[in-house]
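The primary structure of each chain is shown beneath.
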Amino acid sequence: MHLTEIVNGKKKEKHFCQDCAQKQELLKQQDLNLTAILQSVIGQHVGGQTDELSRLTCPSCGIKYMEFKAAGRCGCPNDYQVFRQPLLPLLERIHRGVRHVGKVPPHAVLHAALQEELRDLRQQLRSAVEREAYEDAARLRDRIRIKEQTDEHG
Amino acid sequence: MNMDSLPQNSGEWLGARGPEADIVISSRIRLARNLSSFPFTNRASAHQKAEIEVYLKGRLEKLDFTPRLDYISLAGLSPLDRQLLVERQLISRELANSEGPRGVAVAPNEIISVMVNEEDHLRLQVIRSGFALDEAWQDADRLDDKLEEKVPYAFHDELGYLTACPTNVGTGLRASVMLHLPAVVLTKQIEKVFRALQKMNLAVRGLYGEGSRASGDFYQISNQVTLGKSETQIINEIRDVIPTVIAYERQARQTLTRENHPLVLDRVRRAFGTLGNAMVMTSEETMDLLSSVRLGANLGLIDMININEVNELFIHTQPAHLQKMLGKQLDSEERNSERARFLRNRLREIDGHMN
């Protein structure tokens, strides 16, 4: 059981055996669920690089590396790119493999370009709403609807 | 799908018509898929979740696929109706208990269901009666292709289908087989089976109840690895190990009837007697007794009831099914006496047909 405390930017690493960890209440027996195991595996793999990693944030969904680590869940598909470095050893450990050799979605190529465009428009829409530029937002919303329709018939 | 007529019948996969149906209850394929242009469900705002639901509902309902899928929005359902869908294994407990826009598209025969806004945007599920993983995979694969025509999936060349949890990434495939193993449990060999399967990197869990002792003696065997192996490889690994587990259970059943015939017969008869006469019956006791009766029916030790009827009782005595059939909400004490009443009536009926 490894505990990394970061206090005022200073990193302190503590190591406990199972018994001590339980005494310290770091590890509650009933909390030994998948998420807890995942977190500890994620923790082991990033060891000394925590500082650098803790600054990683996904530009697409805004999740921070530490949040991903705490939840054991990614925030969006893009996280697999952003957190690639700590994720690969984790995937290796879980699956004993890091390369997909299964099915490939047959229509992916057709979807790709349109999706790129939609993602971009949705991003613009969000920032328009944040700026309270409601006319822009309405215009963007219409464009998204039309694009989505194309997608549906395509 | 009519939520009020649902409790009276039972899904096609429970029909006990599939291969090895005396031991293998069902084979299930689940595929996790996500939309490429939205955050995963856990990070999506209520607004985004609503957008995802509308988007997917439209496409699922218009899908060029047989059987046709009916979409049920869960936010509009009562907790009891949601529980009913859990008991039918059409949705997960997590989806039933989560919040916000979410739902499930269901085929009328209940073999296929597609959850929307579970941990992943899409969870495709195919359940087949008996030992039929390949058939279940063929259905799931076909449905997946049809859906992908209309819905752009989050897919990565190197990592495959991207999922909220890294344990599902790659194929997004969970293949599982549900087995009824009363004799392996009775002869105290279940731990041995557990250890052997875990060594092969397969997961075993009791279907109901916690820990290694599953109430009703139902166990589910599934893959853990989803990345680095193809769908066929994953399915074959499970498919190849199941006959060994089946052989184990058959052998244990033979040993029991050969060496302890009077005791087994006593157990089966007592179980049947209790189910048909008790005044108060918990879910758990019902499962355990039905498990003995199911074993007895399979061994030909009891001829008052057949496997189909036993399977149906497992489903119909669950809390939401009971309440829906009676048309009212019941607390757990009321449920226990209504469950006992239901069992008494039903067994008298069944017994009457047979004689």
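Residues numbered from 1 in each chain as written. Chains lettered and ligands numbered in written order. Predicted model: local features only at pLDDT ≥ 70, side-chain atom pairs only at ≥ 80, totals over all residues.

A. Region of interest: the overall build of chain A. What chain A contains, in helices and strands, is eight helices and two strands. In sequence order, chain A lays out its α and β elements as β-β-α-α-α-α-α-α-α-α. Residues classed as buried in chain A amount to 19% of the 154 residues present. A separation of at least 24 residues holds for 38% of the contacts in chain A among residues at least 6 apart in sequence. (Helix = DSSP H or I, 4+ residues; strand = E, 2+ residues; numbered from the N terminus. Buried ≥ 20, exposed ≤ 12 C-beta atoms within 10 Å, placed from the backbone. Contact = placed C-beta atoms within 7 Å.)

B. Inspection of the interface of chain A and chain B at higher detail. Of the residues lining the interface, 32 residues belong to chain A; the matching set on chain B comes to 34 residues. Among the elements of the structure, helix H6 (84–95) and helix H7 (108–130) of chain A are those that each provide at least two residues to the side of chain A that touches chain B. Ranked by residue count, the leading element in the side of chain A that touches chain B is H7 of chain A, at six residues. The residue inventory of the side of chain A that touches chain B, partitioned by class, reads 16 nonpolar, nine polar and seven charged. (Nonpolar A, V, L, I, M, F, W, Y, C, P; charged D, E, K, R; others polar.)

C. Inspection of helix H7 (residues 231–259) of chain B at higher detail. Residue and element names in this part refer to chain B. For H7, which comprises 29 residues, the first-to-last C-alpha distance of 43 Å matches the rise-based estimate of 42 Å (1.5 Å per residue) to within 8%. Burial in H7 covers these residues: Glu231, Ile234, Ile235, Val245, Tyr248, Glu249, Ala252 and Arg253. Summarising the contacts, the buried residues of H7 are in contact with helix H4 (133–150), strand E8 (173–180), helix H5 (182–186), helix H6 (190–199), strand E10 (218–223) and helix H9 (283–299). (Expected span 1.5 Å × (residues − 1).)

D. Examining the sheet that holds strand E4 (residues 112–116) of chain B more closely. All names here are of chain B. One open sheet accounts for eight strands, arranged E2-E3-E4-E5-E1-E8-E10-E9; its pairing is antiparallel. Two strands in the sheet have a free side with no partner beyond their single neighbour: strand E2 (70–73) and strand E9 (202–206). Neighbour-to-neighbour, the strand axes of this sheet turn through a mean angle of 20 degrees, independent of strand direction. Here eight bridges tie strand E1 (residues 24–33) to strand E5 (residues 122–129), and the two strands are oriented antiparallel to one another. By the bridge assignment for E5, Arg28 is matched with Ile127. (Pairing = 2+ DSSP bridges. Axes fitted to C-alpha atoms, helices over the stretch in contact; angles between N-to-C directions.)

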